[in-house]
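For reference, the chains in residue letters:
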Amino acid sequence: MSIENISVNKSFGGWHKQYSHHSKSLNCSMQFAIYLPPQMGSGTKVPVLYWLSGLTCTDENVMQKSGIQRIAAELGIAIVAPDTSPRGEDVADDAAYDLGQGAGFYVNATEMPWSKHYQMYDYVVNELPELIEASFPVSDKRAISGHSMGGLGALNIGMLNPERYSSISAFSPISNPVNSPWGQKAFTAYLGEDKANWLNYDPSELMKRATELVPAKVDQGESDNFLVEQLKPEALLAAAESNDYPLMYQLHEGYDHSYYFIASFIEEHLRFHAKHLSQ
């Protein structure tokens, strides 16, 4: 489980670091970023928030654009940001931005050529936390969050693994991918034509039938260009209502799909997670 350090930057008394390692589940080299808050210097084991980024993004987006380090340093939470897909010359890809490298959708692909590398669900749920907890002074208390495609991943992974995560949050998630052009395209490629196989990767479907209810927070910009066609938060809200799911949802006037939106409300999300991580 060796990791190689790529970069180091001091930030708000803690450290932002990037690492590469060979992933067994993805069968390729992967990169992740971690923010280590200053509390770790005293030997304290801190909880971890896993951040899943959106289409075309990498580990760098949230670390460089959101301002997440300031509040993570105050609260004593480590932030881990994996890449959004496997990458490399021998990794299957597509010319479009919404399929292939940069667009892993946090699923375990079953269809060729994708199944050889695109096992992002296993990577995020099992391999990466095992690596982080073996390599850094962090506890096994975890929360998960993400944006857009990563918001979809965070909601799915959190609800499917309620014993592993204290809380879930998402910005502008793809809430009902089985009825979204992005989701339909990716799921057909990665999971095949049988739509029954898609349902375990649809947050609205999972929220309807959840029995262990992990607290969730979702924020959505009202001026998001993808709101109506791709994101479909109304399906998630209907699912939460049908199952009395503990979902905090806020629609924000004037905000779009960008990191300007995320930076405006990231503090609220970290305080939400800190409350549940401390319980």
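Residues numbered from 1 in each chain as written. Predicted model: local features only at pLDDT ≥ 70, side-chain atom pairs only at ≥ 80, totals over all residues. Heavy atoms only, no water.

## A short note on the packing of aromatic side chains
- Counted by the stated rule, this structure contains 15 aromatic pairs.
- Summarising the aromatic geometry, the rings of Phe105 and Phe187 are spaced 6.3 Å apart at their centres and angled 75° between planes, so their arrangement reads as edge-to-face. Here the residue Phe105 occupies a position in the loop between strand S5 (78-82) and helix H3 (120-135), and Phe187 occupies one in helix H5 (residues 181-191), the gap between them amounting to 82 residues. No difference in accessibility class separates Phe105 from Phe187, as the two residues are buried.
- By relative accessible area, Phe187 is classed as buried at 0%.
- Joined through ring pairs, the aromatic side chains of Trp51, Phe171, Tyr255, Phe261 and Phe265 make up one cluster. (Phe/Tyr/Trp six-rings, centres within 6.5 Å; stacked < 30°, edge-to-face > 60°. Helix = DSSP H or I, 4+ residues; strand = E, 2+ residues; numbered from the N terminus. Buried < 20%, exposed > 50% of the residue type's maximum accessible area, 1.4 Å probe, protein only.)

## A few points about helix H2 (residues 68-75)
- All of the buried residues in H2 are Ile68, Gln69, Ile71, Ala72 and Ala73.
- For H2, the elements touching its buried residues are strand S1 (4-11), strand S3 (28-36), strand S4 (46-52), helix H1 (60-65), S5 and helix H9 (259-277).
- Immediately downstream of H2, the backbone of Gly76 shows phi near 70°, a positive value. (Contact = heavy atoms within 4.5 Å.)

## Focus: the nonpolar core
- Grouped together as the largest cluster of nonpolar side chains are 67 residues, with contacts concentrated most on Phe105, Tyr190 and Tyr245.
- The element that contributes the greatest number of residues to this core is H3, accounting for 8 residues.
- Excluding residues that lie within four positions of it along the chain, Tyr245 makes contacts with Met159, Ile168, Met207, Ala210, Leu213, Val214, Ala216 and Ala240.
- Membership of the second largest hydrophobic core comes to 23 residues, among which are Ile71, Ala81, Ile262 and Ile266. (Core = buried A, V, L, I, M, F, W, Y, C linked by side-chain atoms within 4.5 Å.)

## Quick word on the state of the cysteines
- Per the counting criterion, the structure on display carries 0 disulfides.
- For Cys28, which is in no disulfide, the shortest distance to another cysteine sulfur is to Cys57 and amounts to 18 Å.
- Its relative accessible area of 6% is what places Cys28 among the buried residues.
- Its relative accessible area of 9% is what places Cys57 among the buried residues. (Disulfide = S-S within 2.5 Å.)

## Observations concerning the sheet that holds S4
- The mixed open sheet is built from 9 strands, whose spatial order is S1-S2-S3-S5-S4-S6-S7-S8-S9. On the outer flanks of this sheet lie S1 and strand S9 (247-252), each paired with one strand and no other. Pairwise comparison of adjacent strand axes, ignoring direction, gives a mean angle of 20° for this sheet.
- Bridge count between S1 and strand S2 (residues 14-23): 7 bridges; the pairing is antiparallel. By the bridge assignment for S2, Ser7 is matched with Gln18. (Pairing = 2+ DSSP bridges. Axes fitted to C-alpha atoms, helices over the stretch in contact; angles between N-to-C directions.)

## Observations concerning the pattern of salt bridges
- Following the criterion strictly, the structure yields 9 salt bridges and no others.
- A salt bridge links Lys208 to Glu205; the nearest nitrogen and oxygen atoms lie 3.4 Å apart. In this pair, Lys208 and Glu205 are both assigned in helix H6 (residues 203-209), 3 residues apart and thus about one turn of the helix distant.
- A salt bridge links Asp219 to Lys217, with the nearest nitrogen and oxygen atoms 3.3 Å apart.
- Through salt bridges with shared partners, a single network forms among Arg70, Glu74, Glu267 and Arg271. (Salt bridge = Lys/Arg side-chain N within 4 Å of Asp/Glu carboxyl O.)

## Considering the environment of Lys217
- Inspection of the secondary structure puts Lys217 in strand S8 (residues 216-221).
- When its relative accessible area of 3% is taken as the criterion, Lys217 is described as buried.
- Along the chain, Lys217 and Pro246 lie 29 residues apart, while their C-alpha atoms are 8.5 Å from each other.
- Once you skip the residues sitting within four places of it in the chain, Lys217 turns out to touch Ile168, Ser169, Ala170, Leu247, Met248, Gln250, Glu268, His269 and Phe272.
- At 3.3 Å, the side chain of Lys217 forms a polar contact with the side chain of Asp219. (Polar contact = N/O pair within 3.5 Å; in protein donor to acceptor, adjacent residues only side chain to side chain.)

## Considerations on H9
- Taken as a whole, H9 carries its principal kink of about 50° at Phe265.
- Buried residues of H9: Tyr259, Phe261, Ile262, Phe265, Ile266, His269, Leu270, Phe272, His273, Ala274, His276 and Leu277, and no others.
- With a side-chain oxygen positioned 3.2 Å from the backbone nitrogen of Tyr260, the residue opening H9 is Ser258. (Bend = angle between axes of the 7 residues up to and from the residue.)

## Focus on the environment of Asn126
- Its place among the elements puts Asn126 in helix H3.
- Taking the relative accessible area as the measure of exposure, Asn126 reaches 38% and is therefore partly exposed.
- Each C-alpha atom of the pair Asn126 and Ser25 lies 9.2 Å from the other, and the pair is 101 residues apart in sequence.

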